[in-house]
Each structure stands twice: as structure tokens, then as C-alpha cells.
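A look at the structure
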Amino acid sequence: MTDDVQAGPEIKLEESDTKGRYFVSSPAGDVAEMTFSKLGDRQIIIDHTGVPDAFRGQGTGLRLVTRAVEDARAAGKTIIPLCPFAAAQFRRHPEWADVLKK
């Protein structure tokens with residue numbers, strides 16, 4: 001991962017038994033998030049990525065998806081990217097093919 005993708009506020013994870021989200025907060029209270037649903041124990045479905053204007057142009061959306069990919073890889077899970085932004089990132093990053101649900 002490049003340094004510019006790692007820069008920025010800390011990415012946090014909140015999850016329940018069926019859903020979750022990765023998010024970052026700005027000092028002003030703006031929140032960028034990527035939400036997902038769990039499909040059993042082995043898959044997640046990325047269903048939404050929302051990045052407010054306060055985070056635009058900083059690679060925040062990519063950072064959120066990248067974190068989900070890293071976590072899925074570490075846990076042996078696959079990802080179904082239903083969110084158009086996440087799907088576009090998977091097309092741009094063929095190195096993520098190992099976690100993409102075929």
C-alpha cells in the first residue's frame with residue numbers, strides 16, 4: 001500500500017452479527033463510511049460507501065475499501081462489492097482478486 005493511501009484519520013470498525021461498517025471521523029464531526037452485510041461466516045457484501053465533502057480528494061473511500069480487503073484476506077473471507085464505488089475499486093485493483101467472490 002502506498003503512503004498516500006495510508007495517510008489520514010484512523011479507520012475504525014463497528015460490527016454486529018449481521019452488519020458492519022468501516023468509518024473515519026473528522027475533527028469537525030464529518031463521517032466517511034463503507035457499510036457491509038455479512039453473508040454467513042465467509043463472505044461480506046459491501047453495500048455502500050459514503051464520503052462527505054470534507055474527505056473528498058483524500059483517498060478516503062479507497063482507504064475504507066482497502067481496509068475491508070485486508071481484513072477479509074486475513075480472515076479468509078470473500079467480498080461481494082455491490083456498491084458501485086467498491087466495484088470500481090475492485091476493477092482497478094486486480095491484486096484483490098483473491099478476496100473477490102467469483
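Higher on the page you've got the structure.
Now for a description of the structure that goes with this document. (Residues numbered from 1 in each chain as written. Predicted model: local features only at pLDDT ≥ 70, side-chain atom pairs only at ≥ 80, totals over all residues. Heavy atoms only, no water.)

**What to know about the overall build of the chain**
Selection criterion: Numbering of helices and strands runs from the N terminus, with a helix taken as a DSSP run of H or I at least four residues long and a strand as a DSSP run of E at least two residues long. Just to be clear, the radius of gyration here is over C-alpha atoms, and the globule rule we use is 2.2 Å times residues to the power 0.38. Burial classification: accessible surface area is computed with a 1.4 Å probe over protein chains only, and a residue below 20% of its type maximum counts as buried, one above 50% as exposed, and the rest as partly exposed. All accessible areas in this document rest on Shrake-Rupley with a 1.4 Å probe, and a residue is counted as covered only by the protein chains that are shown.
Each helix and strand in the chain was counted, giving three helices and five strands. Starting at the N terminus and ending at the C terminus, the chain contains elements arranged as α-β-β-β-β-α-β-α. In terms of overall dimensions, the chain is globule-like: its C-alpha atoms have a radius of gyration of 13 Å, near the 13 Å expected for 102 residues. Judged by the C-alpha coordinates and their principal axes, the chain covers about 35 × 30 × 25 Å. Taken over 102 residues, the chain has a buried fraction of 41%. Per element, the accessible surface of the chain, about 5,800 Å² overall, is 53% carbon and sulfur.

**Quick look at the pairing of strand 5 (residues 78-81)**
The test is simple: Note on pairing: DSSP must find at least two bridges between two strands before they are called paired. Clockwise travel from the first strand over the helix to the second, with the strands pointing away from the viewer, marks a crossover as right-handed.
Relative to strand 5, strand 4 (residues 43-50) runs parallel, the two being bridged by four bridges. Within strand 5, the position partnered with Ile 46 by the bridge is Pro 81. Read as a crossover between parallel neighbours, the route from strand 4 over helix 2 (residues 60-75) to strand 5 is right-handed.

**Topic: the nonpolar core**
Stated formally: What is meant by a nonpolar core is a set of buried Ala, Val, Leu, Ile, Met, Phe, Trp, Tyr and Cys residues, joined one to another through side-chain atoms within 4.5 Å.
In this structure, Met 34, Ile 46 and Ile 79 are the most contacted members of the largest nonpolar core, which totals 22 residues. For this core, the elements supplying multiple residues, two or more each, are strand 2 (19-25), strand 3 (31-39), strand 4, helix 2 and helix 3 (84-92). Here the element with the most residues in this core is helix 2; it accounts for six residues.

**Observations regarding helix 2**
The condition that has to hold: Here the expected length of a helix is defined as 1.5 Å per residue gap, with one fewer gap than residues.
The first and last C-alpha atoms of helix 2 sit 23 Å apart over 16 residues, in line with the 22 Å expected at 1.5 Å per residue. Residues of helix 2 that are buried: Thr 60, Gly 61, Leu 62, Arg 63, Leu 64, Val 65, Thr 66, Ala 68, Val 69 and Ala 72. Gly 76 occupies a position one or two residues after helix 2 and carries a positive phi of about 70°.

**What about the pattern of salt bridges?**
In plain terms, the rule: Salt bridge, as applied in this entry: a Lys or Arg side-chain nitrogen positioned within 4 Å of an Asp or Glu carboxyl oxygen.
Using the criterion set out here, one finds six salt bridges in the structure. Between Arg 21 and Glu 33 there is a salt bridge, and its shortest N-O distance comes to 2.8 Å. Here the residue Arg 21 occupies a position in strand 2, and Glu 33 occupies one in strand 3, the gap between them amounting to 12 residues. In this structure Arg 21 comes out as partly exposed when scored by relative accessible area, which is 22%.

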